[in-house]
Amino acid sequence: MNAIDFAIVAAYLAAMIGVGALASRRIHGFRDYFVAGGQMTASLLVCTLVSTYYGLDVLFGGSEVSFLEGVVAFFGYTRPYYVTILIAAFVIARKLKHYDFLSLPDVAAHFYGNGTRAVVAIASAFYALPLLSIMGIGILLDLVVGIPFVWGVLLGATVSVVYTIMGGLLADALTDTLQFVLMCVTLGIAAVLTLRTTGGVDGLQAALPASFFDPTGTYPAWVLLVFAGSALSALIEPAFYQRIFAAVDYRAVVVALVIGIVLWAAYDWVTTILGMAAAARGIDAEPRYALLALVLEVLPAGLRGLFVAGVLAAAMSTIDSYLLIAGGNLAYDLYRPLFRPEMDEQRVLRLARWMILVSAAASVALALFFRS
């Protein structure tokens, strides 16, 4: 990377903090902070849903499977999620929009009481710690820029925390919009340039084994069943519930999820092709980093910086969303009902911001402890 690439990445990070400062002017209470006052439109929901669910675990995980096995990464590994999301959109979301909930533990409290609420709040907060994405930023900055892993983890977490604490879900949604565009544009450009250098689909077919083009790959049926079963996690995904409660109406939720499925499918397919292209070119790297090594090899100066900014966007769009959820779970869903039921919105808001810091510190500690 050269000076132009570094300038692009620096401008992206500065823009994230600027958006957070701008959004903070519209925060007047916890509801504004946690679910954007329930006024999110379909267009904002599309951007925040797509970018939140697609972090570095998807970018590197999907391409790792395609690097090793081929198109099964799309047909067996990611496609089952689309079915689950459709069920959630047309069954779960329709029912929940009739209630005035703010979070997944709110749902548990309504149907099963405050004891269950506390258990769900703790589980949701732990689930939401964005360990993988924070680790991914550390690895990315170490490999690409030469920033040591520890400092990369701290930098990525700090920038994400700053704009999330300031602007809450609105800042999250606005920054996700920019991050969503960066993710799609940079990955699309990388796919076009890579396929041009590998001879397109014909080149891939000539260079790779026939099993790479089998929708089931070489996996046994029980592995494919595990892949499909893991998609059920979308039904208890706290970010999904938060977006339902933040939507202006049920129609906005359905429109956002249907459009989101189309965009997720396109993103998954491009990631799959890039992983296969890396295998066809004989990229000498760990399978999970093959896509990154390939793209940085084929992109010219300037576009490399844009791509790195896009990869950072994929990670940070996940980090900010989940830190917000973890902080809200600890403050609004756990501490308030158990210890201070009389807390007003302003006090809950202040506590939630402190809990975001606590969640970020826990995520950084875990990211530095687990190196794989």
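Just so we're clear, the structure is a prediction, and the values are computed from it rather than from any experiment.

J.: Hey, could you run me through the overall build of the protein chain in this one?
T.: When its secondary structure is counted, the protein chain shows 16 helices and zero strands. Along the three orthogonal principal directions, the C-alpha set of the protein chain runs to about 65 × 45 × 35 Å. Out of the 372 residues belonging to the protein chain, those deemed buried represent 56%. For the protein chain, the computed accessible surface area is about 15100 Å², with 68% contributed by carbon and sulfur atoms. A distance of 9 Å separates the average location of the 20 positive side-chain charges in the protein chain from that of its 23 negative side-chain charges.

J.: How do you make sense of the side chain of serine 359 when you look at a structure like this?
T.: One can find serine 359 in helix α16 (residues 345-369). Excluding its chain neighbours within four sequence positions, the residues that come into contact with serine 359 are Leu129, Leu323, Ala326, Gly327 and Leu330.

J.: What is the right way to read the nonpolar core from this model?
T.: Considering soluble globular proteins, one finds that nonpolar side chains tend to be buried as a cluster. Counting residues in each nonpolar core, the largest one holds 119 residues, and the members touching the most others are Trp264 and Leu312. If you tally residues by element for this core, the top one is helix α15 (residues 303-339), at 17 residues. Of all hydrophobic cores here, the second largest spans six residues; its members include Val72, Ala73, Leu224 and Phe227.

J.: Please explain the pattern of salt bridges as it appears in this structure.
T.: Between side chains of opposite charge, a pair can form when the charged atoms approach closely. Counting across every chain of the model gives four salt bridges. Residue aspartate 333 is joined to arginine 117 by a salt bridge in which the shortest nitrogen-to-oxygen separation is 3.2 Å. Of the two residues, aspartate 333 sits in helix α15 while arginine 117 sits in helix α7 (residues 114-128), which places them 216 residues apart along the sequence. For glutamate 297, the salt bridge goes to arginine 281, with nearest N and O atoms at 2.4 Å. Of the two residues, glutamate 297 sits in helix α14 (residues 290-298) while arginine 281 sits in the loop between α13 (250-280) and α14, which places them 16 residues apart along the sequence. Since its relative accessible area comes to 32%, arginine 281 is described here as partly exposed. Each member of the salt-bridge network shares a partner with another, and the members are Asp106, Arg117 and Asp333.

J.: Before we go on, may I ask you to explain the packing of aromatic side chains in this structure?
T.: To describe a pair of aromatic rings, one takes the distance between the centres and the angle between the planes. According to the stated counting rule, one finds eleven aromatic pairs in the structure shown. Both rings, one in phenylalanine 75 and one in tryptophan 269, keep their centres 6.3 Å apart while their planes meet at 75 degrees; by these two values the pair is edge-to-face. On the criterion of sequence distance, the pair formed by phenylalanine 75 in helix α5 (residues 72-96) and tryptophan 269 in helix α13 is long-range, its members being 194 residues apart. Take tryptophan 269: its relative accessible area is 35%, and that puts it in the partly exposed class. An angle of 75 degrees between the planes, with centres 5.9 Å apart, marks the rings of tyrosine 99 and phenylalanine 111 as edge-to-face. One end of the pair, tyrosine 99, is in the loop between α5 and α6 (104-112); the other, phenylalanine 111, is in helix α6, and twelve residues separate them in sequence. According to the relative accessible area criterion, phenylalanine 111 is partly exposed, its value standing at 45%.

J.: I keep staring at the environment of leucine 306 and nothing clicks. Help me out?
T.: You can see leucine 306 is positioned in helix α15. With 268 residues separating them in the primary sequence, leucine 306 and glycine 38 have C-alpha atoms 33 Å apart. Excluding anything up to four places from it in sequence, leucine 306 contacts Ile8, Leu182 and Thr186.

J.: Whenever I open this one, the confidence of the model for the protein chain confuses me. Can you help?
T.: Caution applies to low-pLDDT parts of the model: their predicted coordinates are not meant to be read in detail. This prediction gives the protein chain a mean pLDDT of 82; 94% of its residues lie at or above 70. Helix α1 (residues 3-23) is the least confidently modelled element of the protein chain, averaging 70 in pLDDT, while α7 averages 92, the highest of any element.

J.: Sorry, what's going on with the environment of glutamate 342 here?
T.: Mapped onto the secondary structure, glutamate 342 falls in the loop between α15 and α16. By relative accessible area, which is 52% here, glutamate 342 ends up exposed. Here the side chain of glutamate 342 touches arginine 340 through a polar contact of 2.8 Å, side chain to side chain.

J.: Sorry if this is basic, but what is going on with α7 here?
T.: One turn of an α-helix holds 3.6 residues; hence residues three or four places apart share an orientation. The end-to-end C-alpha separation of α7 is 20 Å, in line with the 21 Å expected for 15 residues at 1.5 Å each. Every buried residue of α7 is accounted for by Arg117, Ala118, Ala121, Ser124, Ala125 and Ala128. Summarising the axial view, the buried residues of α7 lie within an arc of 135 degrees, below the 170-degree limit, and thus occupy one face. Seen from the open side of α7, the exposed residues pointing more than 90 degrees away from its buried face are Gly115, Val119 and Phe126. Contacts made by the buried residues of α7 are with α6, α12 (238-246) and α15.

About the criteria used
Residues numbered from 1 in each chain as written. Predicted model: local features only at pLDDT ≥ 70, side-chain atom pairs only at ≥ 80, totals over all residues. Heavy atoms only, no water. Helix = DSSP H or I, 4+ residues; strand = E, 2+ residues; numbered from the N terminus. Buried < 20%, exposed > 50% of the residue type's maximum accessible area, 1.4 Å probe, protein only. Areas by Shrake-Rupley, 256 points an atom, 1.4 Å probe, with all protein chains shown as cover. Lys, Arg positive; Asp, Glu negative; His and termini not counted. Charge placed at Lys NZ, Arg CZ, Asp CG, Glu CD. Contact = heavy atoms within 4.5 Å. Core = buried A, V, L, I, M, F, W, Y, C linked by side-chain atoms within 4.5 Å. Salt bridge = Lys/Arg side-chain N within 4 Å of Asp/Glu carboxyl O. Phe/Tyr/Trp six-rings, centres within 6.5 Å; stacked < 30°, edge-to-face > 60°. pLDDT = per-residue confidence, 0-100. Polar contact = N/O pair within 3.5 Å; in protein donor to acceptor, adjacent residues only side chain to side chain. Expected span 1.5 Å × (residues − 1). Arc of directions from axis to C-beta.

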